[in-house]
Structures are given as structure tokens and as C-alpha cells.
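# Architecture at a glance
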Amino acid sequence: MPTFFNYPFHSNGFIPHGHCYLWQTGLVWLHIISDATIAFAYYSIPFLLIYFIYKRKDVPFNGVFLLFGAFIIACGTGHLMDIWTLWYPDYWIAGGLKALTAIISIYTAFALFYLMPQALTLPSPAQLEVINGVLSTEIVERKRIEKELRQAQEVTQNSSQAKSEFLANMSHELRTPLNGILGYTQIIQRTESLSEKGRKGLSVIYQCGSHLLTLINDVLDLSKIEARKLELYPVDFYLPAFIDSVAEICRIRAEQKVIAFNVELDADLPMGIHADEKRLRQVLINLLSNAMKFTHQGSVTFKVQVIDQESNANEKTNYKIRFQVVDTGTGIIPEQAEKIFQPFEQVGSQKRQSEGTGLGLAISQNIVLLMGSQIQVQSEFGKGSTFWFEAKLPESKDWAKVSRVVEQGTIIGYQGQRRTILIADDKWENRSVIVNLLEPVGFTVVEASQGQEAWEQSLAHKPDMVITDLVMPILDGFELINRLRQSRPFKEIPIIASSASVFAADQHKSIGVGADAFLPKPIEAETLLEMLRQFLHLEWIFDGKIDAIKKTYKDGLDQQKEMTFPSKEVLQELLELAQDGDIQNILEMAEKLSASDEQLNVFVQQIVHLASNFQLKGLESFIKQYIN
């Protein structure tokens, strides 16, 4: 080895390799051509390997391929060196090249030794063929299963659609006579002189009919959810009065069960919000009613708090509000907590299960999902439950103005002298609603927080009308009404009793002591304004933007040929509401159509006329002729 390093490029004393072949031309050329051909073949193989590695970077044997390439290049170079040594005896270089080739070959052999177990695990062509056969069978089977699933899904959809159509039709058939039953029950209660037994019987009829209507509405809501037709219709409304009305309804139930009912409100809550008031009330009353149902002692707490708020591009604030109901009731075991939001699932004893349909939470969950949230629950069996959801609700500062929009337009005042209204209510939220509704249109509103104060304010201001709550401290509404009627100056002034009480007895008692009408809470602005118009003989002043709707039904018939009607989608929605017997939503939708386009006024007038007179068959026929 030292000699190699001392004389690596010296060939003194050696003779060329061609002498071994005695320089026979044929033999020399045979070796030249053979070695050159082998070298060319050796050199071509690494290029093919490099090309393969470049195209198949995922192959796990790329390192071995590179070693093979280096080994083959060294072998090819050795054959070229054999040609060189025919004339030049550089045997040291040739020997060094062979040594390098030996090193590479040994390294390659070791690499193959470690690689061999992996290579043996690769499937053979026969195994690959078997695997491909299995895969082909699985693909065929999967396609068959997918086809069956599609067919089953179509059957399920058809069944669901048929069920929804059945529920909607049944709802329509049941609601139509119920509208008449409940309507005439109220008419008889207010206009007819009945015995005490008759009044109680009529009250039972009304309460049972109302309960049946609630159950029908639940079933209809479920069918709308399954048909994906349940939608939200947000409006601007006054949040404090809304919360108070919900709380008052539930407070009555708490008093019946002799449990505490607490309301905790965040000081940062907005005055007005833009949301679907009807659906939000439906969810909250359902959660609170469930809490009352399963709480026998202790308390139910209703919490409303602001979690977050941010300003949008329109300089309005979006509030993230959490509505939470906490009870000390029976609680729910984990297995039940997973099922309570499914339709027709109920927990608790058989007696309590019979109190409802098992649809309330399922419907409420779907409504909250439409709001972009989800009802959450935490419960411990025997200790109580907490239900809550969070909703992003934009602030509304024009809720009072929006509430004064009626069929004829937005009320901006009234003709004649300025009138004074006395509002007696121990809840500032309820007084604030009426103040914000009436002061902008020209009324003077005097407030009183209890009956005695209301009596004193009456003597001081001589109001043109009194609106009083029934349950107040010191002097309640019944005593206030009686005192006013016993006093000569107030014998003839209109008095409206207002309460969230669901008991017909309270309504009758208020009328009995001298009230002219009963205004249920939550107060509906349109109902209040209509009472003011009737009792004070007012003529409203409108802003003139929507006055065109004030056309008679006869005029509408004369112009039917030139009538403008809404889009087919709107007509279809009106038809579905008519088939459901949902008079209230038909009237609300008609009002929105009128406000959106004056050219629809004649069409809207006919819709309102037919719906108001419960002519549902005629309404369906009227809508269908425009759809077709």
C-alpha cells in the first residue's frame, strides 16, 4: 500500500497489457470491443435508475438504487481501464479503481442484507392479483350498498314528506274549528250575562282549547322543522318589557307551586333589540316551564346577561346575550340528557310526561340553531339543572317607531286636542313601553308606580284615559278601578285593565269592577293603538308613505284584472300558511308585503279580508289561481 501512494501514476518497469496478447490484431480488437460494449451498457444502467428514482420518489429503495448505480459505474470504468492498459501500463490506477469498486460492492451487499426483510414483505404478482380481486369485489359491494342507501334515503324522505304533509293537513283541519271555538268563547265571555257556573264552564272550554291549540302548534312546528321550512322573522322590540312579560307568565306558575322565582338582569342589557320576538319567547317560556314542572321545592332562576358586545359598520352595537334558566329540581341523569332534545322524548314520571307532547325542547333547540346558537345543559340528578344558550342580537333604537306601523302607514300623530293618558304599573319596563309608544305621537303620559299614586295623579291631571295593571302594592288595580268609578269626575273616562294573568277570572273581575277593556301582557302596540282610537274617538295622522293600502275590498275586486301579485315563492308560502290555518302569520306576512311594495296593496287587501273572516277555502283558491 505505501508503494501505491509513492508511485500511483508511475509505470516504469511495466509493459503494456497488449504484450500479453502478442499484439494479435483479432485478439486485441476482441477485448477492446467487448470491454467497450460492457462499459457502455454499465453506464446506461445508472441513468435509467436515476430516471426511475426521479419519477418514483415514493419507492422506499431509492438509496439502494443509488448504490447500485455507483457500483455499476465503477465496474464500467474498470472495463475502460482494461482497454487503456493495452497500451499504457498504469496498473496502479487500475488496481485502485478495482479497490474502490470492491468497497462500493461490499457496502451495497450490506445494504441489501438490511433491505431484504422489507423486500420479502412486498406482495407477489399472484398476491396482488388476489388483492385486486378482493378490492374489485368490495367496490362492487360498496356500490350496491350505496345504491340501497340512496333508495332507503328516498323512501325515508318520501315518508317524512308524507308525514309532514299529513301533520300540516291535520293541523289545518283542527285549527280551523278551534279558531271559531276560542273566538266565540271570548266573545260570549265579554258580551253575555252568564251564571257563575256558566262562566267557569266557559273558562274551562277556553283553557282546554288554548292548550289544544298549543299542542297543535307544536306538531306543526315539528313538521316545519322536518321540512326545513321553519324560518325566523326578526322585528324591533323593547327588551325589558319582553323579559318582564315572560317572567310574569312564569311567575304565576311558580306561585301555584309555592316555589321561589328569581329574575337576574344584567345592567348592560340594551333597551331594544332586533330578533324574532315570537320564537325567542317560545324558547324561553319552554325552558322556564320545564324548570317549573320538575321543581317541587327551592327555586327557579332566570338570568339574562351580556357576554360580549361589538359595534358594526352602521354604528349599531351587536350584543351577545346569554339566556340562562337554573332550577333546584329533580335533575337529569346523563343518559336522559342525551335524549331530551329529540322529538317525543320526555323524562320524569308518567304523570309529568302526560303534561306535554315531548316536542318543546326539540323545537326550541331547532329555533336556537336558526339563531346560530345551541341550547346547552348541565344537570345533577336530584339537585337541579341549568339550561342556557347565547345569541348574537343587534341593538334596535327605533323599536317604538316600528311598533307604530299599521296597515295605513306609520302613525305620527292624531287630530284634535292633546290627550292625557295615565299609566299605572309597578314595573317601570311596562310603563316605559307605553311612554315610548305614545309620547312621540302627541300624548301626554303620566306615570304611577302603584294604585294610590295613580289615584293622586288622576286627581291632579284629570287624564282622558287610564291604563292600569291589576297587581300593584298599596292599592291594586281592582281597587283603583272601583275608586275611579265611584268618583264623579271619572265615571265616564275609558279605563283599560292590563295584566299578564292567564286566568279568565281576573279578566272578568276587572271588567266587573268597571274596566272598559282588558289589554293582555305582553302589550301589542297595534292592539293598544286600536283601543285608543276606539275609546278616545281618534283619527290618526299617518306619514303618507303607505296610505295607498286604505282601499276597500270592493275596489280591489274592480281592479282584480290589473292586480299586481308577489313572487311565486311568496304565494306558495301564503298557501302553506292558509293550509295550516295560521291566520296570525298570514296577516303579519300581508302587512310586510304591503310595506315592501305599494303595488301589492290590492292583493294584500283581499288576503286580509279573506283571512280576517276565516274564509280559508276561499283564501286557498284565491292564492292558487295566481300560482297557476
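These figures come from a predicted structure and were not determined experimentally.

All right, on to the overall build of the protein then. When you go through the protein residue by residue, the secondary structure sums to 22 helices and 15 strands. Within the protein, residue pairs in contact and separated by at least 24 positions form 72% of the contacts whose partners lie at least 6 positions apart. Accessible surface computed for the protein: about 35100 Å², of which carbon and sulfur atoms make up 57%.

Counting 41 residues, the largest nonpolar core has F261, F302, F323 and F389 as its most contacted members. Not counting the four nearest positions on each side in its chain, F323 is found in contact with L280, L284, F302, K303, V304, F387, W388, F389 and L393. By size, the runner-up hydrophobic cluster in this structure holds 28 residues, among which are Y238, L438, V441 and L529.

Another point: the packing of helix α7 (residues 239-257) against helix α8 (residues 277-293). In contact at an axis separation of 10 Å, α7 and α8 are set at 20° when each is read in the N-to-C sense. With respect to each other, α7 and α8 are oriented roughly parallel. Crossing geometry of α7 relative to α8 is assigned as right-handed. In this structure, α7 contributes F242, S245, V246, I249, C250, R253, A254 and K257 to the contact, and α8 contributes E277, L280, R281, L284, I285, L288, M292 and K293. Each residue belonging to the contact of α7 with α8 can be placed in one class, and the counts come to ten nonpolar, one polar and five charged.

A few words now on the sheet that holds strand β7 (residues 384-394). What the five strands build is an open sheet, ordered β2-β4-β5-β7-β6; its pairing is mixed. Sheet topology places β2 (260-265) and β6 (376-380) at the edges, where each strand pairs with a single neighbour. Taken pair by pair, the neighbouring strands of this sheet meet at an average axis angle of 15°, ignoring direction. In the sheet, strand β4 (residues 299-311) pairs with strand β5 (residues 317-327) via eleven bridges, with the strands oriented antiparallel. Paired with Q305 across the two strands is R322, which belongs to β5. Sheet contacts for α8: β2, β4, β5 and β7; angle to β5, the most-contacted strand, approximately 20°.

The end-to-end C-alpha distance of α8, which contains 17 residues, comes to 24 Å, matching closely the 24 Å that a straight helix rising 1.5 Å per residue would cover. Among the residues of α8, those classed as buried are R279, L280, R281, V283, L284, N286, L287, L288, A291, M292 and K293. Backbone nitrogen of K278 and a side-chain oxygen of the N-cap are separated by 3.3 Å at the start of α8; the cap is D276.

So, about helix α2 (residues 25-55). Taking 1.5 Å of rise per residue, 31 residues should cover 45 Å, and α2 covers 45 Å from first to last C-alpha, within 8% of that figure. All buried positions along α2 are accounted for by V28, I32, D35, A39, P46, L49 and I53.

Non-glycine residue K462 carries a positive phi angle of around 50°. With respect to the secondary-structure elements, K462 resides in the loop between α14 (451-461) and β12 (465-469). Here the phi dihedral of H537 falls at roughly 55°; this positive angle occurs in a residue that is not glycine. Relative to the helices and strands, H537 is located in the loop between α17 (525-536) and β15 (540-542). We classify H537 as exposed; its relative accessible area is 69%.

Our next topic: the environment of G382. Tracing the chain through its elements places G382 in the loop between β6 and β7. Along the chain, G382 and T328 lie 54 residues apart, while their C-alpha atoms are 8.2 Å from each other. Leaving out residues up to four positions away in the same chain, G382 has contacts with G329, T330 and G331.

Among the five residues that make up strand β13 (residues 495-499), five are buried, leaving the element largely enclosed by the rest of the structure. Here β13 shows two buried faces, one formed by I495, A497 and S499 and the other by I496 and S498. The sheet contact formed by β12 and β13 spans four bridges and is parallel. What sits directly across from D469, in β13, is S498. Where the polypeptide runs from β12 across helix α15 (residues 477-486) and back to β13, its parallel neighbour, the crossover connection is right-handed. The sheet contact formed by β13 and strand β14 (residues 517-520) spans four bridges and is parallel. Residue pairing in the sheet places I496 in a bridge with A517 of β14.

Conventions adopted
Residues numbered from 1 in each chain as written. Predicted model: local features only at pLDDT ≥ 70, side-chain atom pairs only at ≥ 80, totals over all residues. Heavy atoms only, no water. Helix = DSSP H or I, 4+ residues; strand = E, 2+ residues; numbered from the N terminus. Contact = heavy atoms within 4.5 Å. Areas by Shrake-Rupley, 256 points an atom, 1.4 Å probe, with all protein chains shown as cover. Core = buried A, V, L, I, M, F, W, Y, C linked by side-chain atoms within 4.5 Å. Buried < 20%, exposed > 50% of the residue type's maximum accessible area, 1.4 Å probe, protein only. Axes fitted to C-alpha atoms, helices over the stretch in contact; angles between N-to-C directions. Parallel < 35°, antiparallel > 145°, perpendicular 65-115°, else oblique. Left-handed = near helix turned anticlockwise from the far one by under 90°. Nonpolar A, V, L, I, M, F, W, Y, C, P; charged D, E, K, R; others polar. Pairing = 2+ DSSP bridges. Expected span 1.5 Å × (residues − 1). Polar contact = N/O pair within 3.5 Å; in protein donor to acceptor, adjacent residues only side chain to side chain. Right-handed = clockwise from strand over helix to strand, strands pointing away.

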